[in-house]
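# Topology and contacts: notes
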Amino acid sequence: MLLWPDDRPAPVLPAGKAGIAVRIRSKAGDPAPYPKLFTVGVDDRPLWWGLGRMIAVVEPGEHLVEVRGMRAADTARQVRVAAGEIAELEFWTPRASATSKVRGILVPAPARRRPGTGRYLVLGYLVAFTLLILTSIANLRPDGRGFAALVAVPIAVALLAIWWKRRGDARYRVAASVEAAEAGRDGPGGWFLGDGEPPARLADDGHGVLVVTGALTRDYTWNGRRFINHMPATNVNAWMPWPDLTIDGEPRPFSWHSWCYRLTPGPHEITVAVRAPESAADRFAGDRATHRVTVTAGQVTRLDVGVTGRVEVRSASLDPEAPSEITGFSATVSCTT
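So, here is what we can say about the structure in this document. Predicted model, so just to flag it, every value in this text is computed and none were measured. Residue numbers here run from 1 along each chain, matching the order of that chain's written sequence. Only residues with pLDDT of 70 or above have their local features reported here, since the model is predicted, and side-chain atom pairs are shown and tallied only from 80 upward, although totals for entire chains, interfaces and linings are computed over all residues. The basis for the side-chain values is all heavy atoms of the structure; hydrogens and waters are excluded.

Only centres within 6.5 Å qualify two rings of Phe, Tyr or Trp (six-membered ring in Trp) as a pair; their planes then separate them into stacked at under 30 degrees, edge-to-face at over 60, and tilted for everything else. Applying the stated criterion to the full structure yields three aromatic pairs. An angle of 65° between the planes, with centres 4.6 Å apart, marks the rings of Phe-38 and Phe-91 as edge-to-face. Within this pair, whereas Phe-38 is found in the loop between strand E2 (18-24) and strand E3 (39-42), its partner Phe-91 is found in strand E8 (residues 86-92), the two being separated by 53 residues in sequence. When accessible area is computed with a 1.4 Å probe and restricted to protein chains, residues below 20% of their type maximum are described as buried, those above 50% as exposed, and intermediate ones as partly exposed. We classify Phe-91 as buried; its relative accessible area is 0%. Ring centres of Phe-192 and Trp-259 lie 5.6 Å apart, and the angle between their planes is 70°; this geometry places the pair in the edge-to-face category. Of this pair, Phe-192 sits in strand E10 (residues 191-194) while Trp-259 sits in strand E15 (residues 257-263); the two residues are 67 residues apart in sequence, bridging distant segments of the chain. Both residues of the pair, Phe-192 and Trp-259, count as buried. The ring of Trp-4 is capped by Arg-53, whose NZ or CZ atom sits 3.7 Å from the centre of that ring. In this structure, Arg-68 is placed above the aromatic ring of Trp-239, and the distance from its NZ or CZ to the ring centre is 3.6 Å. Under the scheme used here, helices are H or I runs from DSSP no shorter than 4 residues and strands are E runs no shorter than 2 residues, and both carry numbers assigned from the N terminus. Comment: the charge-over-ring label is applied if NZ (Lys) or CZ (Arg) is within 6 Å of the ring centre and within 35 degrees of the ring normal.

So, in structure tokens, the structure goes:
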């Protein structure tokens, strides 16, 4: 890792190496909620956590960059970097809400700031205030239902604004998943989609497309204390590795988020195997699930893979983010079409 402060030029990379810079944004108006819960990883390996910008020194080629938070894998991007090149990414959280249900997104720098719902909330109150002024000028005396309607106007405008903003953010996530446009052009038997959709050209008269989406739910227990909404970002034991996926016995590339595979029509057997965190992989077994899907020529078939991992750790320190040892691990896998 290399530090890259905002007020300094990019550091010099080692000879023959490439770099992936990730900035966790925290500037005013676009805050990163729960900053300690964001962990940056490259190729399924946690590297650093917190705010600001760091550079991961990597080999030239293609890499999968992730940012994980309270809801496990918030976002991921696939990047290609050449020797001596630095790919710059920014992670930010949409301003529709500051709750844990809002996932952040990783995009090429500089990220375009997207407005929140505040302006629409102000508009709703202005509309209500204008209606009150108009009723006063007209010397109207609204009854109880009239006052209720005046109160309902800003609430309705606020709810509509939040819905519209979240819908726009969802479209933005799809548009940001530029990897989907490259699907099918190269790759070892599978293509990363992020939040995008597979290109229509992949499905033809002789092939169908299988889209597999992996989602992770983590249950973490530290010294007997269960963390429901908090996951220590600095603890490597909290990092759940990607599942292993095979199609008809052939290993295929896979991670959290969506991947697609071009397959011949007919039935196929999908096997998903979950491993324990790297520090305990030799002591605890994971879980696996097998699911049969039928692929239709010219169509897209979808398979959702849900993984629930339960990690128990023990530490001699009173700090939940101090080094720990895994004392228990279990996982369950579910596959639904």
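Take the pairing of E8 next. Taken residue by residue, a regular strand's side chains alternate between the two faces of the sheet. A large share of E8 lies buried, amounting to five of its seven residues. Think of it this way: DSSP has to see at least two bridges between two strands before they count as a pair. Here four bridges tie E8 to strand E9 (residues 105-108), and the two strands are oriented antiparallel to one another. Paired with Phe-91 across the two strands is Leu-106, which belongs to E9.

Judged by pairing direction, the sheet is antiparallel, and its four strands sit side by side in the order E4-E3-E6-E7 without closing on themselves. Of all strands in the sheet, those bounded by a partner on one side alone are strand E4 (46-49) and strand E7 (72-81). Each strand of the sheet is rotated relative to its neighbour by a mean of 25°, with strand direction disregarded. With nine bridges joining them, strand E6 (residues 61-69) and E7 adopt antiparallel strand pairing. The partner of Val-67 across the bridge, within E7, is Thr-75. Under this scheme, a helix contributes an axis fitted over its contacting stretch, all axes are lines through C-alpha atoms, and angles between N-to-C directions fall in the 0 to 180 degree range.

Here we come to the side chain of Thr-221. On the secondary structure map, Thr-221 appears in strand E11 (residues 208-222). Accessibility expressed as a relative area gives 19% for Thr-221, which makes it buried. Contacts are residue-level and defined by heavy atoms, with any inter-residue pair within 4.5 Å sufficient. Residues within four places of Thr-221 in sequence aside, it is in contact with Arg-226, Val-311, Glu-312 and Val-313.

This part takes up the sheet that holds strand E5 (residues 52-58). Here five strands make up an open sheet; going across it, the order is E1-E5-E2-E8-E9 and the pairing mixed. Among the strands making up the open sheet, the edge pair consists of strand E1 (2-3) and E9. Both E2 and E5 contribute to a ladder of seven bridges, which runs antiparallel. In the sheet register, Ile-20 faces E5, and the bridge partner there is Ala-56.

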